[in-house]
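Structural description and commentary
Here is what each chain is made of, one letter per residue.
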Amino acid sequence: MSKIILKPRHNHHKKDLLRVLFLKIIYEKPSYGYEIMEGVKKITGSQHEIKAGTTYTLLRRMEKRGLVKSTWKKNEQGPDKRVYTITRKGKEYLKIWLEFIIQRKK
């Protein structure tokens, strides 16, 4: 299992930033993949569209690393949905990154 960078690096990677966006969205409201993709579009002003494959791969990796957990939600009008919620570790990760971003803006 690869190590999660809890401390932001100056040469941070796009996946680190995507994780932060995903966690922000999930922190505000437990969400399923499509909602997360739409949330990224909304936050970035439609400048970044995330592909479904990228979204679900990153969510699976985040779950393996303990940043989010998922449960299946029954849907009467279509396929069941996997809903993601943020974990305590995910909240810590998000807090560290948001503090880093705020410090960089000063």
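Read on for an overview of the structure. The residue numbers shown here count from 1 along each chain, following its written sequence. Per-residue local features are limited, in this predicted model, to residues with pLDDT of at least 70; the limit for side-chain atom pairs, both in listing and counting, is 80 or more; totals at the level of whole chains, interfaces and linings are taken over all residues. Working from all heavy atoms in the structure, the side-chain values ignore hydrogens and water.

Things to note about the overall build of the protein
Rule in force here: Under the scheme used here, helices are H or I runs from DSSP no shorter than 4 residues and strands are E runs no shorter than 2 residues, and both carry numbers assigned from the N terminus. Residue burial is assigned from relative accessible area. The probe radius is 1.4 Å, only protein chains are included, and a residue is buried under 20% of its type maximum, exposed over 50%, and partly exposed in between. Two residues form a contact once any of their heavy atoms are found within 4.5 Å.
From N to C terminus, the protein includes four helices and three strands. Traced from its N-terminal end to its C-terminal end, the protein shows the element sequence α-β-α-α-β-β-α. The 106 residues of the protein split such that 34% are buried. For the protein, the share of sequence-separated contacts (at least 6 apart) that also reach a separation of at least 24 residues comes to 55%.

A look at the nonpolar core
Selection rule: In these notes, a set of buried Ala, Val, Leu, Ile, Met, Phe, Trp, Tyr and Cys residues joined through side-chain atoms within 4.5 Å is what counts as a nonpolar core.
In this structure, F22, L23, I26, I36 and M62 are the most contacted members of the largest nonpolar core, which totals 21 residues. The element contributing the most residues to this core is helix 1 (residues 14–28), with seven residues. Ignoring any residue separated from it by four or fewer positions in sequence, one finds M62 in contact with R19, F22, L23, L67 and V68.

Some thoughts on the sheet that holds strand 1 (residues 31–32)
The cut-off we apply is this: Pairing between two strands is assigned when DSSP locates at least 2 bridges connecting them.
Taken together, three strands build an open sheet; the order of strands is 1-3-2 and the sheet is antiparallel. Each edge of the open sheet carries a strand with a single partner, namely strand 1 and strand 2 (68–73). Where strand 2 and strand 3 (residues 81–86) come together, six bridges link them in antiparallel fashion. Each residue of the ladder has a partner; that of K73, found in strand 3, is K81.

Describing the pairing of strand 3
With two bridges joining them, strand 1 and strand 3 adopt antiparallel strand pairing. Residue pairing across strands places S31 opposite Y84, the latter belonging to strand 3.

Some points on a positive patch on the surface
Just so we agree on the cut-off: Patch membership is restricted to residues that have no salt bridge and whose relative accessible area is over 30%. Joining uses 9 Å for like charges and 5 Å for the nonpolar side chains Val, Leu, Ile, Met, Phe, Trp and Tyr. All accessibility values rest on the Shrake-Rupley procedure with a 1.4 Å probe; residue burial counts only the protein chains present in the view. Criterion for a salt bridge: a side-chain nitrogen of Lys or Arg within 4 Å of a carboxyl oxygen of Asp or Glu. Working convention for charge: Lys and Arg count positive, Asp and Glu count negative, and His plus the chain ends are omitted. To locate a charge, take NZ of a lysine, CZ of an arginine, CG of an aspartate or CD of a glutamate.
Together, K15, R60, R61 and K64 make up a positively charged patch on the protein surface. Ranked by residue count, the leading element in the positive patch is helix 3 (residues 52–64), at three residues. Tracing the sequence through the fold places K15 in helix 1. Accessibility expressed as a relative area gives 39% for K15, which makes it partly exposed.

Focus: the packing of helix 1 against helix 3
The axes of two packed helices give the description: the angle between them and the distance between them. Defined as follows: Orientation is described by axes fitted as lines to C-alpha atoms, over the contacting stretch for helices, and by angles from 0 to 180 degrees between their N-to-C directions. Here roughly perpendicular refers to angles of 65 to 115 degrees, roughly parallel to angles under 35, roughly antiparallel to angles over 145, and oblique to all remaining angles.
Relative to each other, helix 1 and helix 3 sit at 80°, their axes nearing to 11 Å. Judged by the inter-axis angle, helix 1 sits roughly perpendicular to helix 3. From helix 1, K15, L18, R19, F22, L23 and I26 reach across to helix 3, where they touch T54, T55, L58, L59, R61 and M62.

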